[in-house]
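An overview of the molecular structure
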Amino acid sequence: MLCECIARKLTNGLHFGYFYYLCSMRGKIVILALVAAVLTCCKGSDERKSVVARKFTHDVLLRTTPVKDQGTSDICWAYAMLATIETEHLMQGDSVNLSADYLAYMLMREQAVRRAVTGSQPVFTRGTLPMALRLMHRYGMEPYDTYRAKESASFEGVARHLRLMADDQYHHPKPLSEFDGSVVQALDEMMGMVPHFVFMLSCEYTPGEFARSVCRAHEYEGITSVMHHRYFEDVDLELADNYYHDTFLNLPLDTLVARVDRCLLSGHPVAWEGDTSELGFSFIHGLAVMPSGERATAESRQRAFDTHRTTDDHCMEIVGMAHDEKGGKWYVCKNSWGADNPYRGFMYMSEDYFRMKTLVVMMPREV
């Protein structure tokens, strides 16, 4: 509990996988920050109580499943993409609630086997939005209420254990099927066993059949906007966690914004992936705003991308649009850090923040 509080204090919204990255890569700096954070950690609840929610008028607000909490895991990409699929079904009069933990289980199983063969494959749970779809179509899906990892499970601890197992297999090979069986056993013990069948509405599905019933292959399209690649072409965007080399349609910034707005106004959600390291991104306040006076243009966002000021930190679902008392445009985002903020887990992202800090969006291809 203390570590989670410290992590939220340090990042003020930065997703936890990046926090662990900071700990490993910039340990001395983080240790000093930890000391300061411990001294103020207990004030978090009082700070939240003093926050006053700003007033917004919704122009469009789509239906959603309940806000979830990813805890100290770094699988925001799974939560955001699955939340988008869930909203899509709700808007069509259907209802599904999907398990992000199941995707984490399958991802680490796949990575452990690859590491055992290659000796170099990483084993962790960071990722990008398209990876959720890739894993879903490869390994199927489980409902949220059917598979959730044990409360005691630490994804980082599980990954560390699997890395050790894979390294031992690489240096002392045994049949790969036997190793995969030992990986499944370890995952079952640390995270919980995965059911072999899905039971819903008096029907029995395999995880693969269930996945195909909730999301078609190629149903979603990834879009980005960068100036160092040609517009209107699919590009392999240089994101640290895009190790599957998924591609995204590269559009001019204004076109990307127009596509997102059209998608929301027509009743379809959008999955968002981008940067949350700006001081203006505050989960406690439920807001994402750029510093005063800073305007987002294609050129300014490209400079931020090139200098690593804009990094691939977090994913959320965009479920609506709103305006403030001055007529300013905002996007309504469903986060996955629990409901402890003025908007019960939702956040309001200013148009300037969206324009400056968006790296990738995923939306239904036919919209």
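Residues numbered from 1 in each chain as written. Predicted model: local features only at pLDDT ≥ 70, side-chain atom pairs only at ≥ 80, totals over all residues. Heavy atoms only, no water.

As for the overall build of the chain
Our working rule: Secondary structure elements are defined from DSSP: runs of H or I of at least 4 residues count as helices, runs of E of at least 2 residues count as strands, and each element is numbered from the N terminus. Two residues form a contact once any of their heavy atoms are found within 4.5 Å. Methods summary: accessible areas were calculated by the Shrake-Rupley approach with a probe of 1.4 Å, and residue burial reflects only the protein chains presented.
What the chain contains, in helices and strands, is 13 helices and 13 strands. Considering only contacts within the chain whose residues lie at least 6 apart along the sequence, 76% involve residues at least 24 apart. Summed over its atoms, the accessible surface of the chain is roughly 16,900 Å², and 55% of this surface lies on carbon and sulfur atoms.

Regarding the packing of aromatic side chains
Put simply, the rule is: Pairs were defined over the aromatic rings of Phe, Tyr and Trp, the Trp ring being its six-membered one, requiring ring centres within 6.5 Å. Orientation was assigned from the angle between planes: stacked under 30 degrees, edge-to-face over 60, tilted for the rest. Note on classification: 1.4 Å probe, protein chains only; a residue is buried when its accessible area is under 20% of the maximum for its type, exposed when over 50%, partly exposed between these limits.
Tallied over the entire structure, the rule returns 12 aromatic pairs. A ring pair is formed by Tyr331 and Phe354, whose centres lie 4.6 Å apart and whose planes are at 35°; its orientation type is tilted. Taken as a pair, Tyr331 in strand 11 (residues 329-334) and Phe354 in helix 13 (residues 351-357) lie far apart in primary sequence, 23 residues in all. For Tyr331, a relative accessible area of 0% corresponds to the buried category. Residue Phe354 is classed as buried on the basis of its relative accessible area of 1%.

Section: the nonpolar core
What counts is decided by this rule: Residues grouped as a nonpolar core are buried Ala, Val, Leu, Ile, Met, Phe, Trp, Tyr and Cys residues, joined through side-chain atoms within 4.5 Å.
Counting residues in hydrophobic clusters, the biggest one holds 56 residues, and the most contacted among them are Met136, Leu162 and Met191. Of all elements in the fold, only helix 5 (76-91), helix 6 (100-118), helix 7 (129-139), helix 8 (155-171), helix 9 (176-191) and helix 10 (207-214) reach the threshold of two or more residues within this core. Excluding anything up to four places from it in sequence, Leu162 contacts Met108, Ala112, Val123, Val183, Ala186 and Leu187. Counting 42 residues, the second-largest nonpolar core is a separate cluster that includes Val257, Ala296, Trp330 and Phe354.

Topic: a nonpolar patch on the surface
Inclusion rule: For patches, a residue must show more than 30% relative accessible area and have no salt bridge; joins then use 9 Å for like charges and 5 Å for nonpolar side chains, namely Val, Leu, Ile, Met, Phe, Trp and Tyr. Throughout this description, the term salt bridge denotes a Lys or Arg side-chain nitrogen within 4 Å of a carboxyl oxygen of Asp or Glu.
A cluster of nonpolar side chains, Met227, Tyr231 and Phe232, forms an exposed patch at the surface whose accessible area comes to about 310 Å². Counting through the fold element by element, Met227 comes out in the loop between strand 4 (220-224) and strand 5 (234-235).

So, the environment of His218
Tracing the backbone shows His218 in the loop between helix 10 and strand 4. Note: C-alpha distance between His218 and His137 (81 residues apart in sequence) is 10.0 Å.

Side note on the pattern of salt bridges
Considering all chains together, one arrives at 20 salt bridges under this definition. As a salt-bridge pair, Glu233 and Arg230 come within 3.9 Å of each other at their nearest N and O atoms. Here Asp352 ties to Arg295 by a salt bridge, and the two come within 2.9 Å at their closest N and O atoms. Of the two residues, Asp352 is situated in helix 13 and Arg295 in the loop between strand 9 (287-288) and helix 12 (298-306); the sequence distance between them amounts to 57 residues. By sharing partners, the salt bridges in this structure join Asp254, Asp261, Lys329, Glu351 and Arg355 into a single network.

A look at the environment of His229
Looking at where His229 falls in the secondary structure, it is placed in the loop between strand 4 and strand 5. With 22 residues separating them along the chain, His229 and Leu251 place their C-alpha atoms 9.7 Å apart. With near-sequence residues (within four places) excluded, His229 lies in contact with Val235, Asp236, Glu238 and Asn250.

Notes on the packing of helix 8 against helix 9
For clarity, the cut-off: Between the N-to-C directions of two axes lies an angle of 0 to 180 degrees, each axis being a line fitted to C-alpha atoms and, for a helix, fitted only over the stretch in contact. Roughly parallel here means an angle under 35 degrees, roughly antiparallel means over 145, roughly perpendicular means 65 to 115, and every remaining angle is called oblique. Two helices crossing with the near one rotated counterclockwise from the far one by less than a right angle form a left-handed crossing, whereas a clockwise rotation gives a right-handed crossing. For this classification, the nonpolar set comprises Ala, Val, Leu, Ile, Met, Phe, Trp, Tyr, Cys and Pro, the charged set comprises Asp, Glu, Lys and Arg, and every other residue, Gly included, is treated as polar.
At a minimum axis distance of 11 Å, the contact between helix 8 and helix 9 shows a crossing angle of 160°. The orientation of helix 8 relative to helix 9 falls into the category roughly antiparallel. For the element pair helix 8 and helix 9, the recorded crossing hand is right-handed. Each of Phe155, Val158, His161, Leu162, Met165, Ala166 and Gln169 in helix 8 lies in contact with helix 9, whose residues at this interface are Leu176, Phe179, Ser182, Val183, Ala186, Leu187, Met190 and Met191. Along the lines of polarity and charge, the residues of the contact of helix 8 with helix 9 split into 12 nonpolar, 3 polar and no charged.

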